[in-house]
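Listed below are the residues making up each chain.
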Amino acid sequence: MALLDVTGLGISFGGLRAVDNFDIHIEKGQLYGLIGPNGAGKTTVFNMLTGVYKPTDGTISLDGKNITGQKTTQINKDGIARTFQNIRLFKELTVLDNVKAGLHNDYPYSTVAGIFRLPSFKKQEKAMDERAMELLEVFDLDKEYDFLASNLPYGKQRKLEIARALATNPKLLLLDEPAAGMNPNETKELMDTIRLIRDKFDMTILLIEHDMKLVSGICEELTVLNFGQVLAQGKTSDVLNNPEVIKAYLGDD
Amino acid sequence: MSKQLKSNLITYGIIIAFFAIMQTLVGTGTISSLFKGLLVPICVYTIMAVSLNLTVGILGELSLGHAGFMCVGAFVSAFFSMCMKESGMNSIVRFIIAIILGAIVAAVFGILIGIPVLRLRGDYLAIVTLAFGEIIKNIVNVLYVGKDSSGFHISFTDTASLGLSSDGVVIIKGPQGITGTPNDSTFLIGIIILIITVFIVTNFVTSRSGRAVMAIRDNRIAAESVGINISKYKLMAFAISAGLAGAAGALYAHNLNTLNALPKNFGYNMSIMILVYVVLGGIGSIRGSIIAATILTALPELLRGFSDYRMLIYSIVLIALMLISNSPKAKMFFEKYSIKQLIGTKKAQKEEV
């Protein structure tokens, strides 16, 4: 059984069928790519997977558990974390606090313990600091731990968002255009980081990306969406050579 | 972490220093009795400002009904004190229970109001909280509560309809409010409650729950995506803020002989006044709220010498403060000529020589 099983997923906004009959099966430890032209419905799929939108039909199951139509908060607890196409950091919090916000559910000391600085607060805050710093080190952000998130350069903001998502201890990580707005050097660095996450955290990753270099460089399998429907699915090299994909998305020159 | 601790210690230091200075001045009789009468109100309004800062600065929602929660706390605590007046209970114990009761009931109101209101955002939330403050004030104005041997009687029309037996007393008399509340509030108790308020707010902000609240403020969608329960933490911050306002109300009520709900003390004017303290002190800055509330509460009294022009000068000071606190040039000026910098440059000059 795959880690993520999505069958017959569809959503309509009024008369518009944004995504129709979408299937995807991702095995544990896979690096999976979701590509397609603008407006194909890729981010809508992400929003359905994370409970931002309720799918009209179809089922989503994660690790054998049916999570269709659950609330975002619950889905995160069940094991899906994500990043956003337009970076959504907690801008007025420090880099460290951003990651600690991601650790929120792993260290559940009470508000009363927090206000009165009870032993559980001290113990858990210390453990949180340590784990957050470990994560920041992986992303080479540990030196900037007390910066405000909004003061980080763009590339580091993207990394921080990934670190925050990983802090929630997910089974599946969704990356929405992680390389958007990055220069070729930053993209290359990002590819290494994504591979590192997969290997170090034994993570399963589903990513949306337009940068074909990144996609062909790291993704093992691909799904191509076009007008809300699956156009092609399979091994990266096969999909990228599929004449229909070339016609719809890559362009033949 | 230690930076945070240092900043908190400075805040507590300022409060204690303020208390010590005022106590000395009162002891030596240097300040006027009018100003002496302002010491408890200063505590009341600083507590209000700090608690409103939790809603406006930390939770990031504009609430214009904060005086409503103060009103709830004031009437509940005064009612309790009136009921217990004859019981022979130690006045300090009675006052402490009254404050806690006022805070708890105000917090419950905060939760009840918060459940529908916190679904709204921005202007809509401001409008609904504004309406809430006015509703509370108006309900209190038509509320009659009496007590006799058979228990409590409540009416919304007049004293006669309470149907009290001959031994009954009317405690809340509609627009006339509550008269004869014991004057338990002292400057010392006010300062203690202020310190407790600052303690609760600053520790809340630097704990897991406060981090969740600020995460929601900064980005609701992202907060949800990392598994933070949005409504729970919004409600929590709102209820704590309301509860602290209730405690301030209790302090306010026990500083007066007659407590009644007027537009002046519990109306939207007051809510906006508190908001002015918060905004001028710096949204999200606890210390700023304390300083702004203290200065602006004391200012009308200090300006008494200008007699008729008092409010004119007051508004000019307000505008000047607003401009200064928002102007980058003024900030640069203060940074350049701050005490720290002056000491620092002297050292640097010496090194050059």
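Residues numbered from 1 in each chain as written. Chains lettered and ligands numbered in written order. Predicted model: local features only at pLDDT ≥ 70, side-chain atom pairs only at ≥ 80, totals over all residues.

### Re the pairing of strand β7 (residues 172-176) of chain A
In regular strands, side chains alternate between the two faces of the sheet.
Residue and element names in this part refer to chain A.
No. 1: Most of β7 sits inside the fold, with five of its five residues counted as buried.
No. 2: Note: strand β6 (residues 80-82) against β7, three bridges, orientation parallel. Its bridge partner being in β7, R82 is matched across the sheet by L174.
No. 3: Direction of pairing for β7 relative to strand β8 (residues 204-208): parallel, over a ladder of five bridges. Residue pairing in the sheet places L172 in a bridge with T204 of β8.
No. 4: Of the crossover connections in this fold, the one passing from β7 over helix α7 (residues 184-201) to the parallel β8 is right-handed. (Buried ≥ 20, exposed ≤ 12 C-beta atoms within 10 Å, placed from the backbone. Helix = DSSP H or I, 4+ residues; strand = E, 2+ residues; numbered from the N terminus. Pairing = 2+ DSSP bridges. Right-handed = clockwise from strand over helix to strand, strands pointing away.)

### As for the packing of helix α4 (residues 66-84) of chain B against helix α6 (residues 123-141) of chain B
Residue and element names in this part refer to chain B.
No. 1: At a minimum axis distance of 7 Å, the contact between α4 and α6 shows a crossing angle of 30 degrees. Relative to α6, α4 is oriented roughly parallel. Facing A67, G68, C71, V72 and F75 of α4, the residues of α6 in contact are F132, G133, I136, K137 and V140.
No. 2: Classifying every residue of the contact of α4 with α6 by side-chain character gives seven nonpolar, two polar and one charged. (Axes fitted to C-alpha atoms, helices over the stretch in contact; angles between N-to-C directions. Parallel < 35°, antiparallel > 145°, perpendicular 65-115°, else oblique. Contact = placed C-beta atoms within 7 Å. Nonpolar A, V, L, I, M, F, W, Y, C, P; charged D, E, K, R; others polar.)

### Some thoughts on the domain arrangement of chain A
Residue and element names in this part refer to chain A.
No. 1: Along its sequence, chain A is carved into domain 1 (4-79 + 170-250) and domain 2 (93-157).
No. 2: Taking only C-alpha atoms into account, the centre of domain 1 sits 28 Å from that of domain 2.
No. 3: The interface is formed by six residues belonging to domain 1 together with five residues belonging to domain 2.
No. 4: Per element, the largest residue contribution to the side of domain 1 that touches domain 2 is three residues, and it comes from α7.
No. 5: Its residues assigned to classes, the side of domain 1 that touches domain 2 shows one nonpolar, two polar and three charged. (Domains from an automatic or database assignment.)

### So, the interface of chain A and chain B
No. 1: If you look at the interface, chain A gives 29 residues, while chain B gives 21 residues.
No. 2: Tallied by class, the residues present in the side of chain A that touches chain B amount to ten nonpolar, ten polar and nine charged.

### Focus on the pairing of strand β2 (residues 151-155) of chain B
Residues and elements named next belong to chain B.
No. 1: Inspection of the sheet shows strand β1 (residues 144-148) paired to β2 by five bridges, in the antiparallel sense. Bridge pairing links Y144 to S155 in β2.
No. 2: The loop that links β1 with its antiparallel partner β2 comprises two residues.

### With respect to the packing of helix α3 (residues 39-58) of chain B against helix α13 (residues 286-302) of chain B
Residues and elements named next belong to chain B.
No. 1: Look at α3 against α13: their axes get within 8 Å of each other, and the N-to-C directions meet at 145 degrees. The element α3 and its partner α13 pack so that their crossing is right-handed. Between α3 and α13, the contacting residues are P41, I42, Y45, T46, A49, V50 and N53 on the first element and I286, S289, I290, A292, A293, T294, T297 and A298 on the second.
No. 2: A class-by-class count of the residues in the contact of α3 with α13 yields ten nonpolar, five polar and no charged. (Left-handed = near helix turned anticlockwise from the far one by under 90°.)

### Thoughts on helix α1 (residues 42-49) of chain A
Three- or four-residue spacings in an α-helix give side chains the same orientation, since the helix completes a turn every 3.6 residues.
No. 1: Most of α1(A) is tucked away: seven of the eight residues are buried.
No. 2: At the C-terminal side of α1(A), A:G51 shows a positive phi close to 80 degrees.

### A word on α4(B)
No. 1: With 19 residues, α4(B) extends 28 Å between its outermost C-alpha atoms, agreeing within 8% with the 27 Å of an ideal straight helix rising 1.5 Å per residue.
No. 2: Most of α4(B) is tucked away: 17 of the 19 residues are buried. (Expected span 1.5 Å × (residues − 1).)

### Regarding the confidence of the model for chain B
Detailed reading of the predicted model is not advised wherever pLDDT is low.
Residues and elements named next belong to chain B.
No. 1: With 95% of its residues at a pLDDT of at least 70, chain B reaches an overall mean of 88.
No. 2: Long-range and interchain partners of residues 345-353, a stretch whose pLDDT sits below 50, account for zero contacts in this model, where long-range means more than four residues apart.
No. 3: If you check the scores for this complex, the pTM reads 0.89 and the ipTM reads 0.92. (pLDDT = per-residue confidence, 0-100.)

### Quick look at the sheet that holds β2(B)
All names here are of chain B.
No. 1: A sheet is described by the order of its strands in space; here three strands give the open sequence β2-β1-β3, paired in antiparallel fashion. Lying at the two open borders of the sheet, with one neighbouring strand each, are β2 and β3 (169-173). Here the average twist between neighbouring strands, direction ignored, is 20 degrees.

### A look at unusual backbone geometry
Residues and elements named next belong to chain A.
No. 1: Positive phi, normally seen in glycine, also occurs at D63, with a value near 55 degrees.
No. 2: Topologically, D63 is positioned in the loop between β4 (57-62) and β5 (65-66).
No. 3: Owing to 16 C-beta atoms within 10 Å, D63 belongs among the partly exposed residues under this scheme.
No. 4: Even without being a glycine, F227 presents a positive backbone phi close to 50 degrees.
No. 5: Within the element layout of this structure, F227 appears in the loop between β9 (221-226) and β10 (229-235).
No. 6: With 15 C-beta atoms counted inside 10 Å, the residue F227 sits in the partly exposed group.

### Some words on the sheet that holds strand β2 (residues 16-26) of chain A
All names here are of chain A.
No. 1: Taken together, the four strands give an open sheet; going across it, the order is β2-β1-β4-β5, and neighbouring strands pair in antiparallel fashion. One side of each edge strand has no neighbouring strand; the edge strands of this open sheet are β2 and β5.
No. 2: Taken together, the seven bridges between strand β1 (residues 4-13) and β2 define a ladder with antiparallel strand orientation. Across the sheet, S12 pairs through a bridge with R17, a residue of β2.
No. 3: Across the sheet, α1 touches β1, β2 and β4, and the angle it forms with β2 is around 70 degrees.

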